[in-house]
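So the chains spell out like this:
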Amino acid sequence: SLGKQAGDALKDTKIENLSFADIYDVKEVKDALPDKDTKIQIATVQGMVRRLFYAEDDTSIPSIGTYDFIIVDEAHRGYTEDKEMTEDELQFSNQYEYVSQYRRVIDYFDATVLGLTATPALHTTEIFGSPIYTYSYTDAVVDGYLVDHEPPYKFETELSKNGIHFAECEEIAFWNPDNQMVEKEKLPDELDFEVEQFNKQVITKNFNRAVLGGIADYIDPSEPGKTLIFAATDQHADMIVNLLKEIYYEKDMDVDSDAIMKITGSIRHPNEEIKRFKNERNPSIVVTVDLLTTGIDVPEICNLVFMRRVRSRILYDQMLGRATRLCPEIGKDSFRIFDAVHLYDYLQNITDMKPVVTKQNQTISEVLDNAMNAESDEEFSFHKAELMAKLQRKKQRLTKEQKEELSELNNVRSLDCFIQGIKTMSREELEEQIENINHVADYSPIQSKMYISHHGDALVEEGIIRGYGEGNVKPGDYLNGFNQFIRENINLIPALNMAVTRPKDLTIQDLRAINLELKKQKYDEKQLQAAWRNEKKEYVAADIISFIRQAALGSPLIDHETRIKNAMKKVYGMADWSTNQEKWLKRIEKQLLETTVFAPTAKDYFDGLAVFRDNGGYKKVKSVLGERVDEIAELINESLYA
């Protein structure tokens, strides 16, 4: 499955619109040997063992110089105690034999070897040496590359609390794997099972039904996000699928027939089903044993359900890792754990994947207070990491435009950079950022929602009353408030001052700063236009710069499009432009209609806007329009707000 995933990734990766796999002739898992022109081959360790040491024909064995560089992904594999071995792996009698064969593959080839794993163990370092680079789960959460997990939902039943007890001489049923039949026998002695043995040594349908009934109250397969359930055995996985379908039916929840399924090595086409799990709406809930514990990348997984107890810290961390991927498309900012077998408590003291945010109900401001009031450096570092994780969660829920607004508000290059910078801040430096952190904590973007009511309604005698901004009933109130804010803040906000005194020096960044500051005060270009229209009985589609200058200087309002057209008329009249030159001038006009302002110089404008920069920028425009390109910029700037 991992080999197939790697092959698909190389096919999907494009270099100048050509597939990486086509350019470098990638051989996949099904290909035994590389060709002369092959640059990359994908293979499993098990497959390579068979080719090297169990080949029937010596001529098909790869030479020691076949490969120059070997990357071993998921380099921890083969060391987990409760790993179910496939038929191909049964030739290895025990873990030590498996590790020995694994090592023989690495040592056979004369090649540089790099091992990659999220969960290194002693065995890993014995083969590959000490790590040359490490990066923890906490680092990844704090840096915004992975999502944090919430404290788990722990399920306790009568059986999991007290265990299962069979009395001496009691007749009990058991499954006989030799004849595939249920038989009965009388016990010579008492027999007890604890929760870690459930569904491995004792089949207990009622325990599973009780737990799954509780889980179904939290997980709705029709909602965004996917669920991965870890079962003890293949038969246990079948039981979970059947019980869940029954439970959702009993709860009268409409669940698609293919929403819940088992994906283990026993099904007919596991790779195809994994692909569906990753790319399609259904299955939404998948039950697995070992097949999906390592490396499988399904970003939409938001829920993990532990129905099996494992003893391996490596396997546990890998299981948790299945839900850590970012998935902003569905609003994923964390993932949930549902623990039916006390696995979290059993292994949490030895795992590195502890939740960074330990108290879900704490606000960002409360976590910040904890950091500032910490009594030791260690406590300060802990709360600082928790603060960064909280900020990352908030960031995951924001759109690209909202992140850019916050970046402008905090005067930083990006929200990511701002959050990352907290990692190295001292207590004094963090204190200086309290206002900016609170900007993120308190940020609530202005939303233009329209709610539809089906209640009967009619106009009242007084007519229609509109609200313009917070606390404003009449459009005149809104305009007066805006005018007052502009006049009082001209000299306090640099970009506002520039809009009034030196509009030709305005840049796109200055315009964003102005809009951001005005939005904080609930002033918006569209609402200003509507208020003007209703107060003055005059329709003017003026832009925000015109409204600012009207408020500060009393300048007449002119339609944004009219201003641009008037300025560009002067440009078109400068010379007898060629067809190609006119085409570029129309591009400039079209962009001005969208961006309102030009820039202090032509170079600033054409190198600053992606639409021009990606097509050669200032150098390209100058090659088309000639030496007059700077004169054009000067004329536009002088004409826009003359």
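Refer to the structure presented above.
Quick look at the structure, then.

1. Some remarks on the environment of A210
Step number 1: With respect to the element layout, A210 can be found in helix 8 (residues 205-215).
Step number 2: Judged by its relative accessible area of 45%, A210 falls in the partly exposed class.
Step number 3: For the pair A210 and I247, spaced 37 residues apart in sequence, the C-alpha separation works out to 9.9 Å.

2. Remarks on the pattern of salt bridges
Oppositely charged side chains may form a pair once their charged atoms are brought near each other.
Step number 1: By the definition in use, this model includes 19 salt bridges.
Step number 2: The partner of D607 in a salt bridge is K603, with the nearest N and O atoms 2.7 Å apart. Remark: K603 and D607 occur in helix 26 (residues 602-608); sequence separation between them is 4 residues, near one turn of the helix.
Step number 3: When its relative accessible area of 45% is taken as the criterion, K603 is described as partly exposed.

3. Let's talk about a nonpolar patch on the surface
Step number 1: Residues I15, L18, I23 and Y24 make up a contiguous nonpolar surface patch of about 330 Å² in total accessible area.
Step number 2: Considering the arrangement of structural elements, one finds I15 in strand 1 (residues 14-15).

4. Some words on the packing of aromatic side chains
Aromatic ring pairs are described here by two measures, namely the spacing of the ring centres and the angle between the planes.
Step number 1: Counted according to the given criterion, the structure contains 16 aromatic pairs.
Step number 2: Between Y153 and Y218, the aromatic rings sit 4.8 Å apart at their centres with planes inclined by 50°, giving tilted as the arrangement. Here Y218 lies in the loop between helix 8 and strand 13 (226-230) and Y153 lies in strand 8 (residues 153-154), a separation of 65 residues in the sequence.
Step number 3: Since its relative accessible area comes to 25%, Y153 is described here as partly exposed.
Step number 4: Judged by its relative accessible area of 42%, Y218 is partly exposed.
Step number 5: Ring centres of Y218 and F338 lie 5.8 Å apart, and the angle between their planes is 50°; on these two criteria the pair is classed as tilted. Of this pair, Y218 sits in the loop between helix 8 and strand 13 while F338 sits in strand 17 (residues 334-339), and the two are 120 residues apart along the sequence.
Step number 6: Among the aromatic side chains, those forming a connected cluster through ring pairs are F53, Y67, Y108 and F109.

5. Focus: the environment of R268
Step number 1: With respect to the element layout, R268 can be found in the loop between strand 14 (260-262) and helix 10 (270-279).
Step number 2: At 3.5 Å, the side chain of R268 forms a polar contact with the side chain of H269.

6. A few points about the side chain of E589
Step number 1: Mapped onto the fold, E589 is located in helix 25 (residues 579-595).
Step number 2: Residue classification places E589 among the buried residues on the basis of a relative accessible area of 10%.
Step number 3: Among the polar contacts listed, one links the side chain of E589 to the side chain of Y572, at a separation of 2.6 Å.

7. Here's the deal with the environment of L496
Step number 1: For L496, the position within the fold is in helix 20 (residues 494-501).
Step number 2: On a C-alpha basis, the gap between L496 and I514 in space is 6.5 Å, while along the polypeptide they are 18 residues apart.
Step number 3: Leave out the neighbours within four places in its chain, and L496 touches F485, I486, N489, I490, I514 and I548.

8. Let's talk about the packing of helix 14 (residues 377-396) against helix 18 (residues 434-442)
Step number 1: The contact between helix 14 and helix 18 brings their axes to 10 Å, and the two run at 40°. The angle between helix 14 and helix 18 places the two elements in the oblique class. As helix 14 packs across helix 18, the resulting crossing turns out to be left-handed. Contacts from L387, L391 and K394 of helix 14 reach helix 18 at I437, V440, A441 and D442.
Step number 2: Partitioned by chemical class, the residues of the contact of helix 14 with helix 18 number 5 nonpolar, no polar and 2 charged.

Calculation criteria
Residues numbered from 1 in each chain as written. Predicted model: local features only at pLDDT ≥ 70, side-chain atom pairs only at ≥ 80, totals over all residues. Heavy atoms only, no water. Helix = DSSP H or I, 4+ residues; strand = E, 2+ residues; numbered from the N terminus. Buried < 20%, exposed > 50% of the residue type's maximum accessible area, 1.4 Å probe, protein only. Salt bridge = Lys/Arg side-chain N within 4 Å of Asp/Glu carboxyl O. Patch = residues over 30% accessible without salt bridge, like charges linked within 9 Å, V, L, I, M, F, W, Y side chains within 5 Å. Areas by Shrake-Rupley, 256 points an atom, 1.4 Å probe, with all protein chains shown as cover. Phe/Tyr/Trp six-rings, centres within 6.5 Å; stacked < 30°, edge-to-face > 60°. Polar contact = N/O pair within 3.5 Å; in protein donor to acceptor, adjacent residues only side chain to side chain. Contact = heavy atoms within 4.5 Å. Axes fitted to C-alpha atoms, helices over the stretch in contact; angles between N-to-C directions. Parallel < 35°, antiparallel > 145°, perpendicular 65-115°, else oblique. Left-handed = near helix turned anticlockwise from the far one by under 90°. Nonpolar A, V, L, I, M, F, W, Y, C, P; charged D, E, K, R; others polar.

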